[in-house]
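Below, each chain spelled out in residue letters.
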Amino acid sequence: SGVKDLGGGGLTCCISELVDASYEGAVIIDEHFQHPRYQDQITKVVIEEGVTSISAHTFFKCKNLESIVIPSSVYKIEAVAFCECSSLKEIVIPEGVSSLGNSTFSGCTSLTSIVLPESLSSIAQDCFSGCAITSIVIPDSVDFIASSVFSSCFALKEVKLPASLDDVSRYC
């Protein structure tokens, strides 16, 4: 379809009355995706191969989004991209993504499983705050973890950090 970037609010043009959504032929819209009719209807998203980035706020407050398939072509996931997707249960970040923005998954209160790629080098502030994860493995490639990454993750019992980690904020 030629779509490379899922801009913040990109869903408003192609969802309409759908429950399951895909990005085939989506038009990019730069405004935040704030239309409650669409936010409440989205339960599953499959992003097609060839999309390279997920912009800030793209799935912000899609509270019924339970699953998303992100292709290996995605290398960039910006801040607040999945913030407050309270029904999202698991996420696999594809190989090639090197950083996760501020509050990317903040408020994903059902998120129990996160798989991070070996290509990841940094995790920004509040990235997983408020998630339901019980454990997480930080890949050896990560050399920076910002403040409050796991704040309000009350179920979190184990974080496996790489021995080579250069910088972990004291408030991680």
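The model shown is predicted, which means the values in this text are computed figures rather than measured ones.

## Focus: the confidence of the model for the protein chain
Step number 1: Chain-level statistics for the protein chain give a pLDDT mean of 80 and a share of 74% at 70 or above.
Step number 2: pLDDT under 50 marks residues 8–35. Its contacts with residues more than four places away, or in other chains, come to 79 contacts.

## Description of the environment of Leu111
Step number 1: As for its position among the elements, Leu111 is in the loop between strand S8 (99–100) and strand S9 (113–115).
Step number 2: You can call Leu111 buried: its relative accessible area is 0%.
Step number 3: In sequence terms Leu111 and Thr134 are 23 residues apart; their C-alpha atoms lie 9.7 Å from each other.
Step number 4: Discounting chain neighbours no more than four positions away, the residues touching Leu111 are Leu88, Lys89, Glu90, Ile91, Phe105, Cys131, Ala132 and Ile133.

## Quick look at the packing of aromatic side chains
Step number 1: Tallied over the entire structure, the rule returns four aromatic pairs.
Step number 2: When the centroid spacing of 5.8 Å and the interplanar angle of 10 degrees are considered together, the rings of Phe105 and Phe128 count as stacked. Linking Phe105 in the loop between S8 and S9 with Phe128 in the loop between strand S10 (122–123) and strand S11 (135–137), this pair joins segments that are 23 residues apart in sequence. In this pair, the class of Phe105 matches that of Phe128, namely buried.
Step number 3: With centroids separated by 5.9 Å and ring planes inclined at 10 degrees, the aromatic side chains of Phe128 and Phe150 adopt a geometry described as stacked. Within this pair, whereas Phe128 is found in the loop between S10 and S11, its partner Phe150 is found in the loop between strand S12 (144–145) and strand S13 (158–160), the two being separated by 22 residues in sequence. Like Phe128, the residue Phe150 is buried in the burial classification.
Step number 4: An aromatic cluster of at least three residues, connected via ring pairs, comprises Phe59, Phe82, Phe105, Phe128 and Phe150.

## Observations regarding the state of the cysteines
Step number 1: Under the defined criterion, the tally for this structure stands at zero disulfides.
Step number 2: Considering cysteine sulfurs only, Cys108 is the nearest to Cys85, which forms no disulfide, with 5.1 Å between them.
Step number 3: The class of Cys85 is buried, set by a relative accessible area of 0%.

## Looking at unusual backbone geometry
Step number 1: One non-glycine residue, His57, adopts positive backbone phi at about 70 degrees.
Step number 2: With respect to the secondary-structure elements, His57 resides in the loop between strand S4 (53–54) and strand S5 (67–69).
Step number 3: Positive phi outside glycine occurs at Val80, with the angle close to 60 degrees.
Step number 4: Assignment of secondary structure puts Val80 in the loop between strand S6 (76–77) and strand S7 (90–92).

## Some words on the pattern of salt bridges
Should their charged atoms come close, side chains of opposite charge can pair.
Step number 1: Applying the stated rule across the entire model yields two salt bridges.
Step number 2: Between Lys76 and Glu78 there is a salt bridge; the shortest N-O distance is 3.1 Å.
Step number 3: Judged by relative accessible area, Lys76 falls into the partly exposed class, the value being 36%.
Step number 4: Residue classification places Glu78 among the partly exposed positions, given a relative accessible area of 25%.
Step number 5: Glu158 is the partner of Lys160 in a salt bridge, and the nearest nitrogen-oxygen pair spans 4.0 Å.

Conventions and cut-offs
Residues numbered from 1 in each chain as written. Predicted model: local features only at pLDDT ≥ 70, side-chain atom pairs only at ≥ 80, totals over all residues. Heavy atoms only, no water. pLDDT = per-residue confidence, 0-100. Contact = heavy atoms within 4.5 Å. Helix = DSSP H or I, 4+ residues; strand = E, 2+ residues; numbered from the N terminus. Buried < 20%, exposed > 50% of the residue type's maximum accessible area, 1.4 Å probe, protein only. Phe/Tyr/Trp six-rings, centres within 6.5 Å; stacked < 30°, edge-to-face > 60°. Disulfide = S-S within 2.5 Å. Salt bridge = Lys/Arg side-chain N within 4 Å of Asp/Glu carboxyl O.

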